[in-house]
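As a plain string of letters, each chain reads:
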Amino acid sequence: MDRLHGMKTFVTVVESGGFTAAARKLDVSLSVVSRVITELEAHLGVRLLTRTTRVVRPTETGTAYFENCKRILDEIEEAELTAAGTHAAPRGDLVVTAPVLFGARHVTPIVVEYLQRYPEVDVQSLFLDRNVNLINEGVDVGVRIGELPSSSLQAIPVGRVRRVVCASPSYLQEHGTPRTPADLLSHTLIQTTAVNALAEWRFQEEGETRPLRFTPRFATSTNDSAIAAAVAGLGLARVLSYQVAGELWDGKLRVVLADYEQPTLPIHVIHREGRHAMQKVRAFLDLAIDRLRGDKSLN
């Protein structure tokens, strides 16, 4: 069998999430895609994909094989671009992901600058408040906030942020400033991450992590609306420091209970290409790392 063709087909199936989508992308019939994958698995003597009626996912062996195929195919493309004399100019499609608010405030300006620098690259941004699987969803570069689990992804630290409790000066003047986490129970609280009947914030007290459980007066699924409510003087919200950097700078919000904050959270730029990333990825990484590390609100 044509192993290079098999690799390309397999990578497309994984990135597309199924045989039908891969067939459309490759402009071939569904039977051709199915036959190529069957021949590839027979050639390797392993099962690469788990097939169900709704989804197709790589097996553990298939995931490792996907990463190797992706690297090999990218290196072939890079070699062809170098031979054609276009190595210095990034080109192609780039997919990046980040949390919604972080993407809007910090990644979008980087993407705009990147696109203005490199006119032969197109970018797709996936700004979602969930951990996107870079391999399964065909993402090149991502931003993660928080401790990272062990994985084969490459991770570059670019900053740290705090979990802060904040309120408007007018609210604090009218209702008083809480001095301990327990004081929050007598205040109006805004829950920022999910619409649940019972919420929980964690604080550091006497060297231990202690939960504070409460029923929020206002529960919302978006950080923007929680911040807007806090700025309007409704109550206290708990968010990440970068999300309210502008409001804190302008004096629209004030941080309380800073002495009880949990340890800061790391910010990483992650990618899956190892040391030999393609030019389009390397160029974006270089720009993103420089801009994010230079942002005072992230450090």
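About the thresholds
By convention here, each chain's residues receive numbers from 1 onward along its written sequence. Reporting in this predicted model follows two pLDDT cut-offs: at least 70 for local features of residues, and 80 or more for side-chain atom pairs to be given and counted; totals over whole chains, interfaces and linings ignore these cut-offs and use all residues. Each side-chain value is worked out from all heavy atoms of the structure, with water and hydrogens disregarded. UniProt positions are given in the numbering used here, feature names are shortened, and annotations may be inferred rather than shown by experiment. The numbering of helices and of strands both runs from the N terminus, where a helix is a DSSP run of H or I of at least 4 residues and a strand a run of E of at least 2. For each residue, the accessible area found with a 1.4 Å probe, counting protein chains only, is set against the maximum for its type, and the residue is called buried under 20%, exposed over 50%, and partly exposed in between. Here a residue-residue contact requires only that any non-hydrogen atoms of the pair lie within 4.5 Å. Only the protein chains shown count as cover for residues, and the accessible areas themselves come from Shrake-Rupley with a 1.4 Å probe. For this quantity, the arc is that covered by the directions from the helix axis to the C-beta atoms. Paired strands, as defined in this entry, are two strands with at least two bridges between them according to DSSP. Here the axes come from fitting lines to C-alpha atoms, over the contacting stretch only for helices, and the angles between their N-to-C directions go from 0 to 180 degrees. Think of it this way: a Phe, Tyr or Trp ring, Trp meaning its six-membered ring, pairs with another when their centres are within 6.5 Å, and the plane angle makes it stacked under 30 degrees, edge-to-face over 60, tilted otherwise. Only when the NZ of Lys or the CZ of Arg is both within 6 Å of the ring centre and within 35 degrees of the ring normal is a charge said to sit over the ring. Buried Ala, Val, Leu, Ile, Met, Phe, Trp, Tyr and Cys residues that are joined via side-chain atoms within 4.5 Å together make up what is termed a nonpolar core.

Per an unreviewed UniProt entry, the recorded name for the protein chain is LysR family transcriptional regulator, and the organism is Bordetella genomosp. 11. What the UniProt record of the protein chain gives under Sequence similarities (unreviewed entry) is the line "Belongs to the LysR transcriptional regulatory family."

S.K.: Would you mind going over the overall build of the protein chain in detail, with residue names and values included?
M.R.: In terms of helices and strands, the protein chain carries nine helices and 14 strands. With the principal axes as the frame, the protein chain shows a C-alpha extent of 75 × 45 × 35 Å. The buried share among the 299 residues of the protein chain stands at 43%. Across the protein chain, the fraction of contacts at a sequence separation of at least 24, relative to all contacts at a separation of at least 6, is 73%. Put simply, the protein chain shows about 15,600 Å² of open surface, and 49% of that area lies on carbon and sulfur atoms.

S.K.: Report on helix α7 (residues 223–231), specifying residues and quantitative values.
M.R.: Turning to α7, its buried residues number three or more, namely N223, A226, I227, A229 and A230. Taken end-on, α7 shows its buried residues confined to a sector of 160°, consistent with a single buried face. Packed against the buried residues of α7 are α5 (100–117), β8 (189–191), β11 (218–219), β12 (236–240) and α8 (245–249). The positive-phi residue at the C-terminal boundary of α7 is G233, with phi of around 95°.

S.K.: Kindly report on the sheet that holds strand β14 (residues 265–271), identifying the contributing residues and their values.
M.R.: The strand order β4-β3-β5-β14-β6 describes an open sheet built from five strands, whose pairing is mixed. Two strands in the sheet have a free side with no partner beyond their single neighbour: β4 (121–127) and β6 (154–161). When strand polarity is set aside, the average angle formed by the axes of neighbouring strands in this sheet is 20°. As judged from the two bridges shared by strand β3 (residues 92–98) and strand β5 (residues 141–145), these two strands associate in the parallel manner. When the bridges of β5 are listed, V96 appears paired with V141. Helix-sheet contacts for α5 involve β3, β4, β5 and β14, and the interaxial angle to β4 is about 175°. On the sheet, helix α9 (residues 279–293) packs against β3, β5, β6 and β14 and is oriented at approximately 20° with respect to β6.

S.K.: Outline the packing of aromatic side chains, listing residues and values.
M.R.: Here the distance between the centres and the angle between the planes together describe a pair of aromatic rings. Summed over the entire model, instances satisfying the criterion amount to five aromatic pairs. Taken together, a centroid distance of 5.2 Å and an interplanar angle of 85° make the contact between Y114 and F284 edge-to-face. Placement of the pair is Y114 in helix α5 and F284 in helix α9, with a sequence separation of 170 residues. Residues Y114 and F284 agree in their burial class; the two are buried. Feature note: the residues Y114, Y118 and F284 constitute an aromatic cluster, connected by ring pairs. Positioned over the ring face of F203 is R238, at 5.4 Å from the centre of the ring.

S.K.: An account of the nonpolar core is requested, with residue identities and associated values reported.
M.R.: Burial of nonpolar side chains together is a common tendency in soluble globular proteins. Membership of the largest hydrophobic core comes to 40 residues, with the highest contact counts inside it found for F102 and F284. For this core, the element with the highest residue contribution is α9, accounting for eight residues. Leave out the neighbours within four places in its chain, and F284 touches L94, V96, I110, V111, Y114 and V141. By size, the runner-up hydrophobic cluster in this structure holds 19 residues, among which are V11, L40, L48 and F66.

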